[in-house]
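Spelled out, the chains give:
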Amino acid sequence: MQRTITSFSFAIAALACGAQSMTEALADVNAVFGGSVQVKLDRRQQLVFDLYDASGRFRQDIVLPSDIDTASIHFSLEEDAIILGCRADKPQCISKEIFKLNTVRLTGRSNLPRPPQDSNGTVTAAALRRLFGAAGLQLAATGGETRPRR
């Protein structure tokens, strides 16, 4: 029942945002970030966010698209970052690997750097909502094809 409700809510969100293919949504998000964050879909249908600075890749966040609360995606002025939050029933859904510390942590939120050209973060937040909507539709369409984690 929960999977049906989640799939239905993703379908409604995607229709409201103007349904977009996963490839187009990924390209849009990567274009908005302009190289500071690169997003891809792995073979387990998880979204992988690679964060870069002047020295190279410094962090990697991995999350199942269905675990993110798309309504929580927003710009935080205090952090000067775009915030992603987990759904209430998935409190620590984001795997965050910090390469300098050689650690992997589970967390309930992720902060992505605001692209310099997006002063209030609205374009980036909207692109991320479309991405999670498209990823949710793709996951719902494949249904039980994805193998569970071991």
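Preceding this section is the structure that the text describes.
Below is a summary of the structure that appears in this document. Bear in mind the structure is a predicted one, so any value in this text is a computation, not a measurement.

Here's the deal with the overall build of the protein
Helix and strand content of the protein: three helices and eight strands. Per-residue burial for the protein yields a buried fraction of 38% across its 150 residues. The contacts of the protein with a sequence gap of at least 6 include a subset with a gap of at least 24, amounting to 52%. Entry remark: accessible area of the protein is about 8500 Å², with carbon and sulfur atoms responsible for 54%.

Brief notes about the pattern of salt bridges
Applying the stated criterion across every chain, the model contains six salt bridges. Measuring nitrogen to oxygen at the nearest pair gives 2.9 Å for the salt bridge that ties D61 to R59. With a shortest N-O distance of 2.5 Å, D89 and R87 are connected by a salt bridge. Overall, the relative accessible area of 43% leaves D89 in the partly exposed class. Through salt bridges with shared partners, one network takes in K40, D50 and R57.

Things to note about the sheet that holds strand β3 (residues 56-63)
Sheet strands line up and pair through hydrogen bonds in the backbone, either parallel or antiparallel. Here five strands make up an open sheet; going across it, the order is β1-β2-β3-β6-β7 and the pairing antiparallel. Only two strands of the sheet have a single neighbouring strand rather than two, namely β1 (37-41) and β7 (103-107). Taken over all neighbouring pairs, the strand axes of this sheet differ in orientation by 20° on average, direction set aside. Pairing of strand β6 (residues 94-98) with β7 involves five bridges; the strand directions are antiparallel. For E97, the partnering residue across the bridge sits in β7 and is V104. Running at roughly 170° to β1, helix α2 (residues 22-33) makes contact with β1 and β2 (47-53) of the sheet.

Describing the state of the cysteines
As enumerated under the stated definition, the model contains one disulfide in all. Here C86 connects covalently by a disulfide to C93, the sulfurs 2.1 Å from one another. Looking along the S-S bond of the C86-C93 disulfide, the torsion reads about -95°, which is the left-handed sense.

Details of the nonpolar core
Grouped together as the largest cluster of nonpolar side chains are 27 residues, with contacts concentrated most on L47, F49, L128, L131 and F132. Taken together, the elements giving at least two residues each to this core come down to α2, β1, β2, β5 (81-85) and α3 (122-142). Ranked by residue count, the leading element in this core is α3, at seven residues.

Side note on unusual backbone geometry
Residue D80 is not a glycine yet carries a positive backbone phi of 50°. Structurally, the position occupied by D80 is in the loop between β4 (74-76) and β5. At N102, a residue that is not glycine, the phi angle is positive and equals roughly 55°. Mapped onto the fold, N102 is located in the loop between β6 and β7.

Observations regarding the sheet that holds β4
In spatial order, the strands read β4-β5-β8; together these three strands make up an open sheet with antiparallel pairing. Looking along the sheet, the strands with just one partner apiece sit at the ends: β4 and β8 (109-113). Taking the axes of each pair of neighbouring strands and ignoring which way they run, one obtains an average angle of 35° across the sheet. Pairing between β4 and β5: three bridges, direction antiparallel. Residue pairing across strands places F75 opposite I82, the latter belonging to β5.

Scoring rules and cut-offs
Residues numbered from 1 in each chain as written. Predicted model: local features only at pLDDT ≥ 70, side-chain atom pairs only at ≥ 80, totals over all residues. Heavy atoms only, no water. Helix = DSSP H or I, 4+ residues; strand = E, 2+ residues; numbered from the N terminus. Buried < 20%, exposed > 50% of the residue type's maximum accessible area, 1.4 Å probe, protein only. Contact = heavy atoms within 4.5 Å. Areas by Shrake-Rupley, 256 points an atom, 1.4 Å probe, with all protein chains shown as cover. Salt bridge = Lys/Arg side-chain N within 4 Å of Asp/Glu carboxyl O. Pairing = 2+ DSSP bridges. Axes fitted to C-alpha atoms, helices over the stretch in contact; angles between N-to-C directions. Disulfide = S-S within 2.5 Å. Core = buried A, V, L, I, M, F, W, Y, C linked by side-chain atoms within 4.5 Å.

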